[in-house]
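# A structural walkthrough
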Protein chains: 2
Amino acid sequence: MITRLDSIDPNFYSSLSSILEFDSNEDESIEKTVNLILKDIKNDGDKALLNYTRKFDRLNVDSPDKLEIPKEEWIKSLNNVPKQQREALEISVNRIKEYHEKQRAFTWSYKDSYDNILGQKITPIDKVGLYVPGGKASYPSSVLMNAIPAKIAGVPELIMVSPTPDGYINSMVLAAAALGDVDRIFAIGGAQAIGSLAYGTETVNQVDKIVGPGNAYVACAKRKVFGTVGIDMIAGPSEILIICDGKTPAEWIAMDLFSQAEHDELAQSIMLCPDMDFINEVEDQIKKLIHRMPRVDILKKSLSNRGALIKVNNLSEACDIANIIAPEHLEISTENATELVPLIRHAGAIFIGCFSSESLGDYCAGPNHVLPTSRTARFSSPLGVYDFQKRSSLINISEKGSIGLGKIASTLANSEGLQAHASSAQYRIDGKYHDSK
Amino acid sequence: MITRLDSIDPNFYSSLSSILEFDSNEDESIEKTVNLILKDIKNDGDKALLNYTRKFDRLNVDSPDKLEIPKEEWIKSLNNVPKQQREALEISVNRIKEYHEKQRAFTWSYKDSYDNILGQKITPIDKVGLYVPGGKASYPSSVLMNAIPAKIAGVPELIMVSPTPDGYINSMVLAAAALGDVDRIFAIGGAQAIGSLAYGTETVNQVDKIVGPGNAYVACAKRKVFGTVGIDMIAGPSEILIICDGKTPAEWIAMDLFSQAEHDELAQSIMLCPDMDFINEVEDQIKKLIHRMPRVDILKKSLSNRGALIKVNNLSEACDIANIIAPEHLEISTENATELVPLIRHAGAIFIGCFSSESLGDYCAGPNHVLPTSRTARFSSPLGVYDFQKRSSLINISEKGSIGLGKIASTLANSEGLQAHASSAQYRIDGKYHDSK
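What you see is a predicted model, and the numbers here were worked out from it, not measured in a lab.

## Here's the deal with the nonpolar core
The biggest cluster of nonpolar side chains holds 61 residues, and the ones touching the most others in it are L144, M160, V182, I185 and F388 of chain B. Apart from residues lying up to four places away in sequence, I185 of chain B is in contact with L67, E68, I69, W74, M160, L174 and A177 of chain B. If you look at the next biggest cluster of nonpolar residues, it comprises 60 residues, including L89, Y139, V155 and L179 of chain A.

As structure tokens, this is what we get:
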């Protein structure tokens, strides 16, 4: 059902790597298809977009403006959300806003001894595209997690795209878009939606950055348009790593492992624990509880293919292993959880203490649920307001400063063989400003 | 010599686009070569690295550890730097440090009404690779601009790679590496260096992120390894846009345009000005001064292929055009320069007032000279400390909090059909923690 490993095994690290391994290489045939679609969208705009939407989503739309889902429709969806869900959504929105407000960066500057003013100006990205997968894998919570930081950053135009295969529209997704303050929604998807956002068509505005998860075609298209527009990380399968001291109820841990494994067959659930009896207990709970779960088939596959219960020597070794794994979600389900946090260098989100189940973070704790996967937490961060803001350096040099700094710049420019750089600095030193006035 | 445009011309925007156009598409043959090199490095490590270094750099090294340039050699280079240059380098280092210190992010957290603690933990990236081009295009200033923010972020291991074709080592680059606190240097380059940093070899440590500019092979290799490691932006040709009211000495503006154009034939220099007489004056100065410049051949090519002097109606229109161009470097060389800054939404660095020549920013003003090119300032930022720090969300839920938030999470999880998510939250509400203890 689930792999068992022990860190004292001499082959432990190679066994661990083979469990972690995930081949993200894109299929060559996918790449070819995506190249063709992007080229068609770039050259033919709306015409190509309509053709591909007819072909892939079986959506028979006669004019491109009908691809837009009007705002009245989202508002109607929002008003139809059952009261309990509506309240839950609204509390989530408020908590996500409260957390992300704290990530906002502001313009700063300072004066140096020459009275030069140096600083950094913060501006939002003008136009952002948000991809939302269609059908059953489209989650209203993901709409909120992407839209709210963009809007807090001050993005004036947030364009959502989501395919509606055979006309199926997820009304909870529309409701979330209304709550998340999205500006426009188009019923388009796949590489053709990414191409439309990146290059613009007659109907779909060109954006500056595209965020949001998608299937292999969407991921490949995002890679291809990177540079023309900004993109967020390409998401791999979702992962949880639980460090447990054996003092959390075993069924809580089993269910936390399930909550990751139920996403899809490639999702990864791993526990590290120094207590062999507890590991056995968790395995028993897994076996007992799995049959009660509606998504039992997915659970079985992901747990047996990519799950593991790992015996470690102690909690400090568990933290070392966690840093190697650099997990998307890390639960530290121990009594002294707070003390272990300083030992963790790489993780998307750290859930501290046995009450902090990942599921709370997925919906309503406040922090973002879009997190770096596949060991990329070694160098990247959760999605945040900072992904929708950008910086410009501010350099305001005084007359005095241009003399002091000019000498240094011209020395270094000459040593690099860049004489025009040197002269440009030297001209300010020579003071021809007042002469020539 | 240089294109002249006028914003009242009905074809102005299409003429402007054709001047801005730059095809960054990578050659298919480059892509093939890079794929092969990366595969070889991944499979054969040091052996492949030695082979490619022999082949491309004509470096006959018999054992891989000889690819490392020992620290004593950098220190020797630093001690041999002439006094004036050494002082200039040291002042630059201090000014770059002073500015970048202000970019450092710190861990934060807050308590909500449930006594949950939510926050964001900041950690440096563990290992960073810094690519420095070999030969004449290798600039000591670029070593400082990359190394200093990494070290301020707290990166413990900064590994520089730079090819030494035919054994040529730029001693100013080694000196800058010593001043910039680089940890190790390897005399390797090209796609084989990028592959070695991304996958690791027996001799070169695997890193988590690779930064620094390089030729088309290096750029292609960086794109390919993105995901396995983080990368910075892929740099295009350098650009300057000058907004001038006609009150700056014309020869200053001509030289500022030169200081960009001298980089290479693809570099771009554009001026926007409402004063036709001044535009004529600048053109005269260009014609007069260009023959005094040692890099006159490069200047002629870049100015005639990609340069432009553009007549605009007024300074506010100039700012609108600047936002379309989203230049790497923007000089606002006007009397009321500070008042125009709020109108600028997209630029890598904004040089304010006639004394703020780009050349000062390139070396010693303090802000970074690694800036977004090719319109990517619409969605990206100068290189900074933030590129070497990453964030982890902190989520510490209280027992009380797990009840309040658990209800919301389980409502939303059930609505998304993720029952294990819901149960995982529900278990905490049901309070089996104390029962099971």
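## Notes on the side chain of S238 of chain B
Tracing the sequence through the fold places S238 of chain B in the loop between β8 (230–231) and β9 (239–244). Contact partners of S238 of chain B, with chain neighbours within four places excluded, come to Q260, H263, A267, Q268, E328 and H329 of chain B.

## A look at the UniProt feature "binding site: NAD(+)" (unreviewed entry) in chain A
Residue and element names in this part refer to chain A. In the numbering used here, UniProt assigns the "binding site: NAD(+)" (unreviewed entry) feature to Y131, Q192 and N215. In terms of the greatest pairwise C-alpha distance, the residues named above, spread along 85 residues, form a tight cluster of at most 12.7 Å across. Summarising the element assignment, Y131 is placed in strand β4 (residues 127–131). Beyond its immediate sequence surroundings of up to four residues, Y131 is in contact with V161, P163, G189, G190, A193, I194, V211, G212, P213, G214 and V218. By the element assignment, N215 lies in the loop between β7 (209–211) and α9 (216–225). Separated by 3.0 Å, the side chain of N215 and the backbone nitrogen of Y217 make a polar contact.

## Focus: the side chain of S392 of chain A
Within the secondary structure layout, S392 of chain A lies in strand β14 (residues 389–396). Assessed through its relative accessible area of 1%, S392 of chain A is described here as buried. Only 2.6 Å separates the side chain of S392 of chain A from the backbone oxygen of A347 of chain B, close enough to count as a polar contact. Ignoring anything within four residues of it in the chain, the contact list for S392 of chain A reads G119, Q120 and K121 of chain A together with A347, G348 and I350 of chain B.

## Considering the interface of chain A and chain B
Chain A puts 120 residues into the contact, and the matching count from chain B is 120 residues. Here chain A meets chain B over a buried area of about 11000 Å², counting both sides, of which 60% is carbon and sulfur. There are eight salt bridges connecting chain A and chain B. When the shortest N-O distance is used, the salt bridge between R95 of chain B and D112 of chain A registers 2.6 Å. Between chain A and chain B we count 70 residue pairs in polar contact (both at pLDDT 80 or more) in total. Here the side of chain A that touches chain B gets 10 residues from one element, more than from any other, and that element is helix α16 (residues 399–415) of chain A.

## A short note on the pattern of salt bridges
Counted according to the given criterion, the structure contains 38 salt bridges over all chains. Here E283 of chain A and R4 of chain A are joined by a salt bridge, their closest N and O atoms 2.4 Å apart. Of the two residues, E283 of chain A sits in helix α11 (residues 276–289) while R4 of chain A sits in strand β1 (residues 3–6), which places them 279 residues apart along the sequence. Two residues, K83 of chain B and E87 of chain B, come together in a salt bridge whose shortest N-O distance is 3.3 Å. With a gap of four residues between them, K83 of chain B and E87 of chain B both fall in helix α5 (residues 83–101), about one helical turn apart. Judged by its relative accessible area of 64%, K83 of chain B falls in the exposed class. One salt-bridge network, in which partners are shared between bridges, spans R4, E283 and K287 of chain A.

## Quick look at the environment of G384 of chain A
Residues and elements named next belong to chain A. Inspection of the secondary structure puts G384 in the loop between α15 (358–363) and β14. Remark: the alpha-carbon pair of G384 and Q103, spanning 281 residues in sequence, is separated by 7.1 Å. Filtering out sequence-adjacent residues up to four positions away, G384 remains in contact with H100, Q103 and P149.

## A word on the layout of surface pockets
Gaps left between atoms show up when a probe the size of a water molecule is rolled over them. Each pocket or cavity is described by its volume, and for the second largest pocket that value is around 490 Å³. Counting only elements with at least two residues in the lining of the second largest pocket, the list comes to β3 (117–124) and β14 of chain A together with β3 (117–124) and β14 (389–396) of chain B. Within the lining of the second largest pocket, the residues separate by chemical class into 10 nonpolar, seven polar and eight charged.

## Concerning helix α13 (residues 315–325) of chain B
Residues and elements named next belong to chain B. Of all 11 residues in α13, eight are buried; the element is thus mostly enclosed. All of the buried residues in α13 are L315, E317, A318, C319, I321, A322, N323 and I325. Two to three positions downstream of the cap, the backbone nitrogen of S316 sits 3.2 Å from a side-chain oxygen, assigning the N-cap of α13 to N314. At the exit of α13 stands A326, carrying a positive phi of roughly 45°.

## Let's talk about the pairing of strand β5 (residues 157–161) of chain A
Residues and elements named next belong to chain A. The element β5 is extensively covered by neighbouring structure, given that five of its five residues are classed as buried. Pairing between β4 and β5: five bridges, direction parallel. Among the inter-strand pairings, K127 is bridged to a residue of β5, identified as E157. Two elements, β5 and strand β6 (residues 184–186), share three bridges in a ladder whose sense is parallel. Following the sheet pairing, M160 is matched in β6 by I185.

## Some remarks on the sheet that holds strand β5 (residues 157–161) of chain B
Backbone-to-backbone hydrogen bonds join strands into a sheet, with any given pair of strands oriented parallel or antiparallel. All names here are of chain B. Spatially, five strands are ordered β6-β5-β4-β7-β8 in an open sheet, and the strand pairing comes out parallel. This sheet does not close on itself; its edge strands, each paired only once, are β6 (184–186) and β8. Along the sheet, helix α8 (residues 190–199) contacts β4 (127–131), β5 and β7 (209–211); its crossing angle with β4, the most-contacted strand, is approximately 175°.

## A few points about the environment of A105 of chain A
All names here are of chain A. Following the sequence through the fold, A105 ends up in the loop between α5 (83–101) and β2 (108–111). With a relative accessible area of 30%, A105 lands in the partly exposed category. Residues A105 and T123, 18 residues apart in the sequence, show an inter-C-alpha distance of 9.2 Å. Those residues in contact with A105 that sit more than four places away from it in its chain are I122 and Q389.

## Here we look at the relation of the copies chain A and chain B
When chain A is fitted to chain B, the best match, at an RMSD of 0.0 Å, comes from turning it 180° and sliding it 0.0 Å along the axis. What the rotation and shift describe, once combined, is the action of a two-fold rotation axis. Measuring from the rotation axis to each C-alpha of chain A, the shortest distance belongs to R223 of chain A, at 4.5 Å. A symmetric contact is evident, with 100% of the interface residues of chain A recurring at the interface of chain B.

## Comments concerning the packing of aromatic side chains
Scanning the entire structure with this criterion turns up 13 aromatic pairs over all chains. Considering the side-chain rings of W108 of chain A and Y99 of chain B, the 5.2 Å spacing of their centres and the 45° angle between planes classify their relative orientation as tilted. Of this pair, W108 of chain A sits in strand β2 while Y99 of chain B sits in helix α5, each in a different chain. When the centroid spacing of 6.3 Å and the interplanar angle of 20° are considered together, the rings of W108 of chain B and Y110 of chain B count as stacked. These aromatic residues form a ring-pair network of at least three members: Y99 of chain A together with W108 and Y110 of chain B. If you follow K102 of chain A out to its NZ or CZ, it ends over the ring of Y110 of chain B, 4.3 Å from the centre. Lying over the aromatic face of Y386 of chain A, R391 of chain B brings its terminal NZ or CZ to 3.4 Å of the ring centre.

Rules behind the numbers
- Residues numbered from 1 in each chain as written.
- Chains lettered and ligands numbered in written order.
- Predicted model: local features only at pLDDT ≥ 70, side-chain atom pairs only at ≥ 80, totals over all residues.
- Heavy atoms only, no water.
- Core = buried A, V, L, I, M, F, W, Y, C linked by side-chain atoms within 4.5 Å.
- Buried < 20%, exposed > 50% of the residue type's maximum accessible area, 1.4 Å probe, protein only.
- Contact = heavy atoms within 4.5 Å.
- Helix = DSSP H or I, 4+ residues; strand = E, 2+ residues; numbered from the N terminus.
- UniProt positions renumbered as here; feature names shortened; annotations may be inferred.
- Polar contact = N/O pair within 3.5 Å; in protein donor to acceptor, adjacent residues only side chain to side chain.
- Buried area = accessible area lost by both parts, 1.4 Å probe.
- Salt bridge = Lys/Arg side-chain N within 4 Å of Asp/Glu carboxyl O.
- 1 Å grid on protein atoms, 1.4 Å probe; cavity = no way out; pocket = protein on both sides within 12 Å on 5 of 7 lines; lining within 4 Å.
- Points joined across faces, edges and corners; volume = space filled by probe spheres on them.
- Nonpolar A, V, L, I, M, F, W, Y, C, P; charged D, E, K, R; others polar.
- Pairing = 2+ DSSP bridges.
- Axes fitted to C-alpha atoms, helices over the stretch in contact; angles between N-to-C directions.
- Least-squares fit on C-alpha atoms with pLDDT ≥ 70 in both.
- Phe/Tyr/Trp six-rings, centres within 6.5 Å; stacked < 30°, edge-to-face > 60°.
- Lys NZ or Arg CZ within 6 Å of the ring centre and 35° of its normal.

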